[in-house]
Protein chains: 2
Amino acid sequence: MDKLQETISNLKYDDSGLIPAVMVDAETKQVLMVAYMNETALAETVRTGKAHFWSRSRQKFWLKGESSGHTQDVKAIYTDCDSDTLVIEAVQNVAACHKGYYSCFYRKLTDNGEWKVVGQRVFDPDEVYKKGS
Amino acid sequence: MDKLQETISNLKYDDSGLIPAVMVDAETKQVLMVAYMNETALAETVRTGKAHFWSRSRQKFWLKGESSGHTQDVKAIYTDCDSDTLVIEAVQNVAACHKGYYSCFYRKLTDNGEWKVVGQRVFDPDEVYKKGS
């Protein structure tokens, strides 16, 4: 087993074999999204330089941007004191959120106790994900 | 039920009733730590303006900084498109990591496939958490 594979294996994964990855903009440090990786997804992310995840809802291995083209070019990978979470700096192509916002965290809690949209729409999801394309 | 309580209840919690919270520095946006909140911890975080969590390892409600004094003053709370993750901007007192680093993400993956410490130690954990204090 090479060193990288050993390092990846030594991270702490949850009962489903997953580790959360906080994807952040490499320049501004803005959090783009949080998704989950298994060992294979992390190894493939390092190998290709493009973020890969495990989709919990679809139960499948997933290249971020495989349908939209909105890939994430990885610049740096960090782990925390417990080795159970990753922070990954990346250059985001177009936008991270499938709803058309640059960051998935486009809603802020107001003093009234409600979510308010504060992010700007970068693209129209109906156009990007249209059927048949 | 008031609006805030309704908003908190409408978030998506995992099977253990928890939602991950990515704590970020309000000014630099650096990720400080990732921890988990239940509904009570989030409500108490909003009410007091100080970050509270649910400790999965200790199975207890927890004011961040209760033993170290290294509290987090919350400035803004965001949620994502799936309503299953929070990003919380805060002013960190002293440091976030119990190992003495400002951020828990103080190790970076090198080209050799190893973790390298890149964060700076802000305090000595042996001093801050010493027995009997």
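Okay, so let's go over this structure. This structure is a prediction, so every number in the text was calculated from the model and none was measured. Every chain is numbered on its own, with residues counted from 1 as its sequence reads. Each chain gets a letter, beginning with A, and each ligand a number, beginning with 1, in the order they are written. Local features in this predicted model are restricted to residues whose pLDDT is 70 or higher, and side-chain atom pairs enter the listing and the counts only when it is 80 or higher, whereas totals over whole chains, interfaces and linings include all residues. Side-chain descriptors were evaluated using all non-hydrogen atoms of the structure, hydrogens and water having been removed beforehand.

## What about empty space enclosed by the protein?
Using a probe with the size of a water molecule, rolled over the atoms, empty space left in the structure can be pinpointed. Residues and elements named next belong to chain B. Here a cavity means grid points, on a 1 Å grid over the protein atoms only, where a 1.4 Å probe fits yet cannot get out; a pocket means an open set of points with protein on both sides within 12 Å along at least five of seven lines; lining residues are those with an atom within 4 Å of a point. Grid points are joined across faces, edges and corners, and a volume is the space filled by probe spheres set on the points. Under the criterion given, the structure shown has one cavity of 30 Å³ or more. In this model, the largest cavity occupies a volume close to 40 Å³. Working definition: helices are DSSP H or I runs of at least four residues, strands are E runs of at least two. Numbering for both runs from the N terminus. Here the lining of the largest cavity takes three residues from helix 1 (residues 3-9), the largest share from any one element. The residue classification treats Ala, Val, Leu, Ile, Met, Phe, Trp, Tyr, Cys and Pro as nonpolar and Asp, Glu, Lys and Arg as charged. All others, Gly included, are polar. Along the lines of polarity and charge, the residues of the lining of the largest cavity split into seven nonpolar, one polar and no charged.

## What to know about the relation of the copies chain B and chain A
The superposition of copies rests on a least-squares fit of C-alpha positions from residues with pLDDT of 70 or more in both. Superposition record for chain B on chain A: RMSD 0.0 Å, screw rotation 180 degrees, translation along axis 0.0 Å. When the rotation and shift are considered jointly, the pair of chain copies conforms to a two-fold rotation axis. Among all residues of chain B, the minimum C-alpha distance to the rotation axis is found for B:Lys29, at 2.8 Å. It only takes one pair of heavy atoms within 4.5 Å for two residues to be counted as in contact. A high fraction, 100%, of the interface residues of chain B reappear at the interface in chain A, so the copies pair face to face through one surface.

## Considering the sheet that holds strand 5 (residues 72-79) of chain B
Strands are labelled as partners when DSSP assigns at least two bridges between them. Judged by pairing direction, the sheet is mixed, and its six strands sit side by side in the order 8(A)-7(A)-5(B)-6(B)-1(B)-2(B) without closing on themselves. The open sheet is flanked by strand 8 (115-117) of chain A together with strand 2 (31-37) of chain B, the only strands paired with a single partner. Neighbour-to-neighbour, the strand axes of the sheet open up by a mean angle of 30 degrees, direction not taken into account. Simply put, an axis is a line fit to the C-alpha atoms, just over the touching stretch for a helix, and the angle between two N-to-C directions goes from 0 to 180 degrees. On top of the sheet, helix 2 (residues 39-48) of chain B reaches strand 7 (107-109) of chain A together with strand 2, strand 5 and strand 6 (86-92) of chain B; it is set at about 125 degrees to strand 2 of chain B, its chief contact.

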